[in-house]
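An overview of the molecular structure
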Amino acid sequence: MSPRNVLKYLLVILFFPACSGGDPESFTEDPEFLAEETESLAEDVSAIARRCEVGSDCAAGLGCVQGVCSPCNRHAHCASDVCDLYQGGRCIPERDVLYVGRKVVVDYEECERATGARHDPFCQIRDAIPALGSGKKVIRVAPGFYLPFHVSAGEAFTVYGPAGEGGIAQVTEEDVGGLSVRGGANVVLDGLEIGRYSYRSGLRCEGPGTRLVVRRSQIFTDTRAPMHSNGCDLKLEHTEVFTRD
């Protein structure tokens, strides 16, 4: 029985005596007892309300963690499959998210027609970036291989990779590098692997007013083309940087 149904049955039990034709005074003879029972019942109702089987059982912003609605610490805890650990474990609503990553692509026209909805994800991260805006500020990337992408200005947004859940999202191409951010763009990357198979810099951040934060990721660079930062605000949080000879 779902937590919601349990709560319905408990409320029925609570109000049943008032409808059963009993003596109303019998329920108010001991005010202290009634107060204690009411408090105890309120605690039971609250506990049941926090129980969950899936993320959609929980109120906005909470995830289903070991059967209890609470702040998330994994994407899988959320109905949207997007958990922001850096906002106290907040589940991001699906309406704010563009999804990337198809398991099977029959022809490229599928990618061109994609809407970014969860049931119709884009094929590449670079395809999702132009669709940002109108409340869409988050890109959720499934495990897989993705072409490098480049950001120049635009609204602030965040790209969430798997962060170890179910696989790796690799952003790389042999002759291009991983990605570049410039022109005053404001980007957060979380849970990606950048530039592993590239012979160029895995990451470039350039220009005043540009801000790039990389979290829980791995960045691969080359001694001939190291990670490049020029005049931008670049921050690495819980991120490893590997340099190849």
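Residues numbered from 1 in each chain as written. Predicted model: local features only at pLDDT ≥ 70, side-chain atom pairs only at ≥ 80, totals over all residues. Heavy atoms only, no water.

Some remarks on the side chain of H75
For H75, the location among the structural elements is in the loop between β2 (68-70) and β3 (83-84). Relative accessible area serves as the criterion here: at 1%, H75 is assigned to the buried category. Within the structure, H75 has its side chain in polar contact with the backbone nitrogen of C83 (distance 2.9 Å). Ignoring any residue separated from it by four or fewer positions in sequence, one finds H75 in contact with D81, V82, C83, R140, Y160, G161, P162, E165 and R216. (Helix = DSSP H or I, 4+ residues; strand = E, 2+ residues; numbered from the N terminus. Buried < 20%, exposed > 50% of the residue type's maximum accessible area, 1.4 Å probe, protein only. Polar contact = N/O pair within 3.5 Å; in protein donor to acceptor, adjacent residues only side chain to side chain. Contact = heavy atoms within 4.5 Å.)

A look at the sheet that holds strand β8 (residues 149-152)
One open sheet accounts for four strands, arranged β8-β11-β14-β17; its pairing is parallel. Each end of this open sheet is capped by a strand with a single partner; those strands are β8 and β17 (228-230). Adjacent strand axes in the sheet meet at a mean angle of 5° when their direction is disregarded. Across three bridges, strand β11 (residues 179-182) lies against strand β14 (residues 203-206) in parallel orientation. Note that in β14 the partner of L179 across the bridge is L203. (Pairing = 2+ DSSP bridges. Axes fitted to C-alpha atoms, helices over the stretch in contact; angles between N-to-C directions.)

Brief notes about the pattern of salt bridges
Under the defined criterion, the tally for this structure stands at twelve salt bridges. For R182, the salt bridge goes to E206, with nearest N and O atoms at 2.7 Å. Residue R182 is found in strand β11, and its partner E206 is found in strand β14; the two are separated by 24 residues along the sequence. Look at R182 and you get partly exposed, because its relative accessible area is 30%. (Salt bridge = Lys/Arg side-chain N within 4 Å of Asp/Glu carboxyl O.)

Thoughts on the environment of D222
With respect to the helices, strands and loops of the structure, D222 is situated in strand β16 (residues 218-222). Looking at D222, the relative accessible area reads 2%, which means it is buried. When the C-alpha positions of D222 and T243 are compared, they lie 5.4 Å apart, and in sequence the two are 21 residues distant. If we ignore the near neighbours within four places in the chain, the residues touching D222 are Y199, T243 and R244.

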